[in-house]
Amino acid sequence: AAMREVRVKRTKTVCTYCGVGCSFDVWTKDRHILKVEPGEGAANNISTCVKGKFGWDYVNHEDRLQQPLIREGDAFRPASWEEALALIGKRLGGIKAEHGPDALGFISSSKCTNEENYLMQKLARAVVGTNNVDNCSRYCQSPATQGLFRTVGYGGDSGSISDIASAAMVVVIGSNTTESHPVLSTRVKRAHKLNGQKLIVADLRRHEMADRADIFIQPSPGTDLVWLSAVTKYIFDNGLAKMDFIERWVNKVEEYRKSLEPFTMEYAAKITGLSVETLTRVAEEIAAAESVCILWAMGVTQHCGGSDTSTAISNLLLATGNYMRTGTGAYPLRGHNNVQGASDFGCMPIYFPGYEKVTDDEVRHRYEQAWGVKLSSSKGLDNHEMVRAIEDGKLKGIYLFGEDMFSADSNANYVGAQFAKLDFFVVQDIFFSETCRYADVVLPASPSLEKEGTFVNTERRIQRLYEVLEPLGESRPDWRIVQDIANSLGAKWNYTHPADVMHEAASLAPMFAGVTYDRLAGYKTLQWPVAIDGTDQPLLYTEKFNFPDGKANFYPLEWIAPCEEIDQEYDIHLNNGRLLEHFHEGNMTYRVKGIHEETPNRFLEVSPELAEERNLQTGQWVDVTSRYGELRVQVLVTDRVKGKQVFIPLNSPEKPVNLLTSHFTDRVTHTPAYKETPVHMKILPWK
Ligand code: SF4
């Protein structure tokens with residue numbers, strides 16, 4: 001028994017499978033994971049979902065990268081860290097010397113820690129001298145952040161997950177919350193069932209949350225901005241707006257009201273396909289509710305108008321006085337565990353950590369002094385622009401970590417063709433992803449269970465994770481590798497622990513002034529902004545909005561139709577999204593045996609109407625073709641989708657769904673319009 005006690009270890013960590021940020025203890029014996037035990041997590045208390053509970057065996061999978069790999073012709077050979085780092089230093093340094101710092105790009109990951117993201121932007125800015133640094137929130141949540149920057153000032157959730165439960169009404173738009181943010185959805189479901197919370201759901205697809213809703217609407221694809229604006233106009237026109245709140249707290253009222261003029265109920269009905277009666281009911285219910293939280297996700301953001309629709313959501317909240325109180329506000333639901341933190345800690349082409357602009361002389365001088373270098377004052381390229389810059393011959397080298405960008409970016413065939421043109425490409429990951437196929441050097445990283453650091457969840461909550469297992473083989477935590485690469489380029493970094501990195505970030509970014517590892521010890525958490533004395537802010541807006549005059553802004557909008565719509569040739573609208581059991585492209589969860597067995601294959605959801613029209617049955621194979629690529633997939637006939645809309649999970653052990661998606665993006669942030677893909681379907685004969 002004594003022996004056993006010594007070998008069994010219990011370590012606190014934070015889940016990496018979604019932005020809810022559940023924390024729990026992991027019990028291990030050597031490298032064997034015995035169980036996951038939630039206890040006192042600030043976001044989840046005693047709950048987890050199937051991924052958090054059972055999703056960890058991939059850490060011991062035989063496919064784990066355990067040694068650096070160097071390309072030789074069409075193959076890779078194992079190499080020592082020394083050799084790989086020397087080569088990287090030489091080649092990245094060579095590109096900088098020949099073509100200038102802006103010929104290099106740095107792509108970080110919202111799966112990795114705040115400290116790792118901080119170091120990535122420091123590597124790009126201070127060591128290389130470029131602002132070409134971005135992270136994969138570009139593929140999901142940048143439009144939501146934009147909508148909030150425009151209206152209320154901070155790009156974060158207005159309050160805590162527990163506040164959502166206390167709202168009188170929750171409106172969920174473009175979010176399959178039950179499968180994408182499971183533990184958060186149980187809070188809403190409980191409040192709906194037990195406390196009489198009202199629930200309105202808007203989505204293309206009838207998912208579990210939709211089935212529970214008091215009102216469920218299915219507007220035509222890409223038209224959420226229209227119904228949101230029509231509802232807001234109705235609320236103003238009928239004297240239901242909270243004028244006291246607006247007069248005290250919101251600028252640009254007249255300008256905004258004028259922009260609402262086209263959005264009559266009749267116009268909205270025509271564009272969205274919803275009835276005037278339904279739209280009126282939605283408007284009256286929202287106006288009458290004591291307190292409203294609006295939750296949204298990628299069904300809103302992954303459109304050409306994603307930023308504008310996110311802005312329309314915030315406009316509606318302002319018109320109805322639904323900010324500055326518990327149980328009100330805007331809740332973009334962050335997808336990855338650290339979507340919030342990767343951006344918060346500066347992996348964005350225009351922002352230093354804490355959303356201070358690189359173009360602001362005063363801010364830049366602060367960083368120049370601290371880092372002892374001259375910094376670039378021009379905005380860098382985002383992920384989308386980097387891929388275009390390869391095509392234009394301007395970007396020659398990329399260092400990327402923690403992201404299977406070939407599978408995750410849209411129009412994968414195009415992205416792959418560009419990666420193939422790079423002079424030098426370093427990819428750092430835990431498995432040999434599709435993206436690694438294009439690399440010159442592949443570096444073995446350690447997953448979250450093998451490292452320390454912090455994440456920021458969807459409610460701006462900073463939480464610590466501790467090392468559950470030692471790094472496997474020769475793999476290293478990403479923060480160590482970024483430091484190794486910086487030093488291979490001549491820097492003299494000497495961070496011995498992620499705490500050193502956080503200390504530096506807190507000393508430079510006012511948003512994190514009071515963040516220390518002590519204040520985050522164990523299950524302790526802080527919700528940013530954190531004042532120097534350690535006071536944090538669970539409710540984001542209490543005495544002011546984040547603008548110089550302390551007031552919020554209405555933001556006038558117009559509606560622009562989706563970039564691509566169905567036509568005679570491509571006559572079906574393809575939507576995509578998550579499955580409860582799997583995480584993104586599936587590199588991790590398809591390597592967890594139990595989970596893979598549970599949901600082994602991808603499927604294409606087809607409506608009963610379309611199945612009847614095309615004489616299709618569940619199990620039949622079809623070739624789905626868009627203007628950009630093709631996928632073969634098996635049909636599942638279900639009333640979760642309607643009419644000519646089909647749905648495919650984005651998670652798959654097979655070819656990525658992004659072989660089908662287009663090059664169109666949100667007009668403001670360049671987030672791909674993943675949800676706007678016209679396709680046609682060829683039915684294959686039964687085998
Ligand atoms: Fe992990 Fe999200 Fe599930 Fe919580 S709800 S256990 S954070 S995947």
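It should be emphasised that the depicted structure is a prediction, and the values quoted were computed from it without experimental measurement.

Colleague: Provide a residue-level description of the overall build of the chain, including the pertinent values.
Modeller: Secondary structure assignment for the chain yields 25 helices and 28 strands. The C-alpha extent of the chain, read off along each of the three principal axes, is 70 × 70 × 65 Å. Looking at the chain residue by residue over its 687 residues, the buried ones come to 57%.

Colleague: Describe in detail the pairing of strand β27 (residues 645-649), supporting the description with residues and values.
Modeller: Burial runs high along β27: 5 of the 5 residues are buried. Burial along β27 is two-sided: Gln645, Phe647 and Pro649 and Val646 and Ile648, pointing in opposite directions, are all buried. With 5 bridges joining them, strand β23 (residues 572-577) and β27 adopt parallel strand pairing. Within β27, the residue paired with Leu574 across the bridge is Val646.

Colleague: Tell me about unusual backbone geometry, and please be specific about residues and values.
Modeller: Most peptide bonds take the trans configuration, and most residues that are not glycine carry a negative phi. For the peptide bond that leads from Trp528 to Pro529, omega is 0°, which places it in the cis range. As for its position among the elements, Pro529 is in the loop between β21 (526-527) and β22 (552-553). One non-glycine residue, Lys252, lies in the positive phi region at around 60°. Considering the arrangement of structural elements, one finds Lys252 in the loop between β11 (250-251) and α12 (253-259).

Colleague: Requested: an account of the site of the ligand, with residues and values cited.
Modeller: Residues in contact with the ligand amount to 13 residues; listed here are only the nearest, Cys15, Cys18, Cys22, Cys49 and Gly52. Elements that contribute at least two residues to the shell around the ligand include exactly α2 (50-54) and α8 (182-194). Each residue belonging to the shell around the ligand can be placed in one class, and the counts come to 8 nonpolar, 4 polar and 1 charged.

Colleague: Any chance you could break down the nonpolar core for me, citing the residues and the numbers?
Modeller: In this structure, Leu123, Val170, Val231 and Ile294 are the most contacted members of the largest nonpolar core, which totals 197 residues. In this structure Val170 touches Ile164, Val188, Gln197, Leu199, Cys293 and Leu295, once residues within four positions along its chain are discounted.

Colleague: Now, about the pairing of strand β19 (residues 453-456): what can you tell me, with residues and values included?
Modeller: What you see with β19 is no split at all: Gly453 and Phe455 on one side and Thr454 and Val456 on the other are buried throughout. Both β19 and strand β20 (residues 461-465) contribute to a ladder of 4 bridges, which runs antiparallel. Within the sheet, the bridge partner assigned to Val456 lies in β20 and is Ile462. In this structure, the hairpin formed by β19 and β20 is closed by a connection of 4 residues, where Arg460 is found at a positive phi of approximately 65°.

Colleague: If you had to explain the sheet that holds β19 to someone new, which residues and values would you point to?
Modeller: Strand order in this open sheet of 3 strands is β19-β20-β21, and the pairing throughout is antiparallel. Edge positions in the sheet fall to β19 and β21, since each has one partner strand and no second. The pairing of β20 with β21 spans 2 bridges and is classified as antiparallel. If you follow Ile462 over to β21, its bridge partner there is Leu526.

Colleague: Run through the packing of helix α4 (residues 114-128) against helix α22 (residues 478-488), naming residues and quoting values.
Modeller: In the contact formed by α4 and α22, the axes pass within 8 Å of each other and the chain directions differ by 15°. Here α4 is positioned roughly parallel relative to α22, judged by the angle of their axes. Between α4 and α22 the crossing geometry is left-handed. Together, Glu115, Glu116, Leu119, Met120, Leu123 and Val127 of α4 and Asp478, Trp479, Val482, Gln483, Ile485 and Ala486 of α22 make up the contact between the two elements. Across the contact of α4 with α22, the residue classes tally to 8 nonpolar, 1 polar and 3 charged.

Colleague: So, the packing of helix α3 (residues 81-99) against α22: which residues are in play, and what are the values?
Modeller: Look at α3 against α22: their axes get within 8 Å of each other, and the N-to-C directions meet at 55°. Judged by the angle between their axes, α3 and α22 are oblique. In terms of crossing hand, the pair formed by α3 and α22 is right-handed. Facing Leu85, Ala86, Ile88 and Gly89 of α3, the residues of α22 in contact are Asp484, Ile485 and Ser488.

Colleague: Any chance you could break down α22 for me, citing the residues and the numbers?
Modeller: Quick reminder: α-helices carry 3.6 residues per turn. Residues three or four places apart thus point the same way. For α22, a buried count of 8 out of 11 residues is recorded, marking the element as mostly surrounded by other parts of the structure. Buried within α22 we find Asp478, Trp479, Ile481, Val482, Gln483, Ile485, Ala486 and Ser488.

Colleague: Tell me about the sheet that holds strand β10 (residues 215-217), and name the residues and values.
Modeller: Read from one edge of the open sheet, 5 strands run β10-β9-β8-β12-β13, paired in parallel fashion. Two strands bound the open sheet, and with one partner strand each, they are β10 and β13 (329-332). In this sheet, adjacent strand axes meet at a mean angle of 15° when their direction is disregarded. Pairing analysis gives 5 bridges linking strand β8 (residues 169-173) to strand β9 (residues 198-202), with the strands arranged parallel. Its bridge partner being in β9, Val171 is matched across the sheet by Ile200.

What counts, and where the lines are drawn
Residues numbered from 1 in each chain as written. Predicted model: local features only at pLDDT ≥ 70, side-chain atom pairs only at ≥ 80, totals over all residues. Helix = DSSP H or I, 4+ residues; strand = E, 2+ residues; numbered from the N terminus. Buried ≥ 20, exposed ≤ 12 C-beta atoms within 10 Å, placed from the backbone. Pairing = 2+ DSSP bridges. Near = placed C-beta within 6 Å. Nonpolar A, V, L, I, M, F, W, Y, C, P; charged D, E, K, R; others polar. Core = buried A, V, L, I, M, F, W, Y, C linked by C-beta atoms within 7 Å. Contact = placed C-beta atoms within 7 Å. Axes fitted to C-alpha atoms, helices over the stretch in contact; angles between N-to-C directions. Parallel < 35°, antiparallel > 145°, perpendicular 65-115°, else oblique. Left-handed = near helix turned anticlockwise from the far one by under 90°.

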